[in-house]
Amino acid sequence: MVNPTPRERLRLIIALRVSTAGQAVDGYGLPAQERDCRKWNGMAGHRIVHVVADGDEKGGKTGKSTIDERTGLMDAMEWIADGRADGILAPNLDRLARELTVQEAVLAYTWALGGRVFTADHGEHLEDDEDDPMRTAMRQMRGVFHQLDRGLIRKRLRDGRATKGEQGGYAFGAPPFGKQAVDNELVDLDPEKEIEDLILQWHDDEGLGARAICRRLNEQERPSKRGGKWHPTTVARIIDPAAREANRVRSAFDRAQKKEETRRTRASKILGSSVR
């Protein structure tokens, strides 16, 4: 950690980010990030006026997200634009964004607002200077290699999960109702298994369909996997395992379609603004 040597007392916003992918790679959660930032600032002597975070320990925000998709980061930018803060403090540049292109956009946006950028592992990241091109080059080179390193780690994790799945073990994804993952193997989860057996009994012995079973489960206040109300599609996946696989494929297709739609919308906005 770099020892800071500040010349003035600034108003800084701690900016944190966590993603599910990042958690799998380094386990560097929000509390640890904030602790490192406050430790650095304890030596720097600046004033922390606000803390923002994107993502949480369960459903993180990816570092590929653009600036306007990061509510925490946008909040910090508003503070700087309104004159309520002088800059941001992050644990490292990777926590501003995992992808180099997004990272550079965050830096440029902050500097354009008149803000300054600090990280606990480096200190201040000075604004680009035409008379000092090495400053920009060195920062971007660090970003490139850091992005590459994380990409290789994630690839190894994916390859490992794929190998596990090919060998018949439980690789990834939410366990189906009635099951839980123990030591990378699926085993029965007794409370859920009892409900699953009851669903199959109602279907096989009484001839009830998914909607009728769903209604009975909710009337009897039997908990679903996440504790909420039952839905017919959930019951259908238990009755027919093939339906579960079909739903998974359909969900993957819908996510891909939504991602493509978002990309096209953003491209249209960019083209529209450039025409004006």
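Since we're looking at a predicted model, the values are computed, not measured. (Residues numbered from 1 in each chain as written. Predicted model: local features only at pLDDT ≥ 70, side-chain atom pairs only at ≥ 80, totals over all residues. Heavy atoms only, no water.)

1. So, the overall build of the chain
1) Next: Broken down by element type, the chain carries ten helices and seven strands.
2) Next: The buried share of the chain, taken over its 276 residues, is 31%.
3) Next: In the chain, 61% of the contacts between residues at least 6 apart in sequence involve partners at least 24 apart. (Helix = DSSP H or I, 4+ residues; strand = E, 2+ residues; numbered from the N terminus. Buried < 20%, exposed > 50% of the residue type's maximum accessible area, 1.4 Å probe, protein only. Contact = heavy atoms within 4.5 Å.)

2. A word on the environment of Met77
1) Next: With respect to the helices and strands, the residue Met77 is situated in helix H3 (residues 71-81).
2) Next: Here the alpha-carbon distance between Met77 and Tyr109, two residues 32 residues apart in the chain, equals 8.3 Å.

3. Describing the packing of aromatic side chains
1) Next: All told, the structure shown has one aromatic pair when counted by the stated rule.
2) Next: Ring centres of Trp40 and Phe118 lie 5.7 Å apart, and the angle between their planes is 45°; on these two criteria the pair is classed as tilted. Taken together, the residues Trp40 in helix H2 (residues 30-44) and Phe118 in strand S4 (residues 116-119) connect sequence positions 78 residues apart.
3) Next: Lying over the aromatic face of Trp79, Arg84 brings its terminal NZ or CZ to 4.4 Å of the ring centre.
4) Next: Directly above the ring of Trp202 sits Arg216, whose terminal nitrogen or CZ lies 4.7 Å from the centroid. (Phe/Tyr/Trp six-rings, centres within 6.5 Å; stacked < 30°, edge-to-face > 60°. Lys NZ or Arg CZ within 6 Å of the ring centre and 35° of its normal.)

4. Details of the packing of helix H8 (residues 210-219) against helix H9 (residues 232-239)
1) Next: For the pair H8 and H9, interaxial distance at closest approach is 8 Å and the crossing angle is 115°. Relative to H9, H8 is oriented roughly perpendicular. Between H8 and H9 lies a crossing whose hand is right-handed. Every residue of H9 that contacts H8 at Ala210, Arg211, Ile213, Cys214 and Leu217 is listed here: Pro232, Val235, Ala236 and Ile239. (Axes fitted to C-alpha atoms, helices over the stretch in contact; angles between N-to-C directions. Parallel < 35°, antiparallel > 145°, perpendicular 65-115°, else oblique. Left-handed = near helix turned anticlockwise from the far one by under 90°.)

5. As for the pattern of salt bridges
1) Next: Summed over the entire model, instances satisfying the criterion amount to ten salt bridges.
2) Next: For the salt bridge of Glu206 with Arg216, the shortest nitrogen-to-oxygen distance reads 3.2 Å. Of the two residues, Glu206 sits in helix H7 (residues 190-206) while Arg216 sits in helix H8, which places them ten residues apart along the sequence.
3) Next: Using a relative accessible area of 23% as the deciding quantity, one classes Arg216 as partly exposed.
4) Next: Linked through salt bridges whose partners overlap, the residues forming this network are Glu104, Asp128 and Arg139. (Salt bridge = Lys/Arg side-chain N within 4 Å of Asp/Glu carboxyl O.)

6. Quick word on the pairing of strand S3 (residues 87-90)
1) Next: The alternating pattern of S3 places Gly87 and Leu89 and Ile88 and Ala90 on opposite faces, both of which are buried.
2) Next: By the bridge criterion, three bridges tie strand S1 (residues 11-17) to S3 in an arrangement that is parallel. Each residue of the ladder has a partner; that of Ile13, found in S3, is Ile88.
3) Next: As judged from the four bridges shared by S3 and S4, these two strands associate in the parallel manner. If you follow Gly87 over to S4, its bridge partner there is Arg116. (Pairing = 2+ DSSP bridges.)

7. Thoughts on H9
1) Next: Of all the positions in H9, only Pro232, Val235 and Ile238 are classed as buried. Each buried residue of H9 sits inside an arc of 120° when the element is viewed along its axis, so together they form one side. (Arc of directions from axis to C-beta.)

8. With respect to a negative patch on the surface
1) Next: Residues Glu127, Asp129, Glu130 and Asp131 make up a contiguous surface patch of negative charge.
2) Next: By the secondary structure assignment, Glu130 is in the loop between strand S5 (123-125) and helix H6 (133-166).
3) Next: A relative accessible area of 80% means that Glu130 is categorised as exposed. (Patch = residues over 30% accessible without salt bridge, like charges linked within 9 Å, V, L, I, M, F, W, Y side chains within 5 Å. Areas by Shrake-Rupley, 256 points an atom, 1.4 Å probe, with all protein chains shown as cover. Lys, Arg positive; Asp, Glu negative; His and termini not counted. Charge placed at Lys NZ, Arg CZ, Asp CG, Glu CD.)

9. Comments concerning the confidence of the model for the chain
1) Next: Per-residue confidence for the chain gives a mean pLDDT of 77; residues scoring 70 or more make up 68%.
2) Next: Confidence, read as mean pLDDT per element, is least for helix H1 (residues 20-26) in the chain (52) and greatest for S3 (96). (pLDDT = per-residue confidence, 0-100.)

10. Quick notes on the nonpolar core
1) Next: Membership of the largest hydrophobic core comes to 19 residues, with the highest contact counts inside it found for Ile13, Ala76, Met77, Ile88, Leu96, Leu107 and Val117.
2) Next: Contributing elements (two or more residues each) for this core: S1, H3, S3, helix H4 (93-96) and helix H5 (100-112).
3) Next: When residues in this core are grouped by element, the largest group, five residues, is from H3.
4) Next: Counting twelve residues, the second-largest nonpolar core is a separate cluster that includes Leu10, Ile14, Leu30 and Cys37. (Core = buried A, V, L, I, M, F, W, Y, C linked by side-chain atoms within 4.5 Å.)

11. Notes on the sheet that holds S3
1) Next: The sheet built from five strands is open, its strands ordered S2-S1-S3-S4-S5 with mixed pairing. Of all the strands in the sheet, just strand S2 (47-54) and S5 have a single pairing partner and so form its edges. This sheet shows a mean twist of 30° between the axes of neighbouring strands, independent of strand direction.
2) Next: As judged from the three bridges shared by S4 and S5, these two strands associate in the antiparallel manner. Directly across from Val117, in S5, lies its bridge partner His125.
3) Next: Against the sheet, H2 engages S1, S2, S3, S4 and S5, with an angle of about 155° to S1.
4) Next: Set on the sheet, H3 makes contact with S1, S2 and S3; between it and S2 the angle comes to about 150°.

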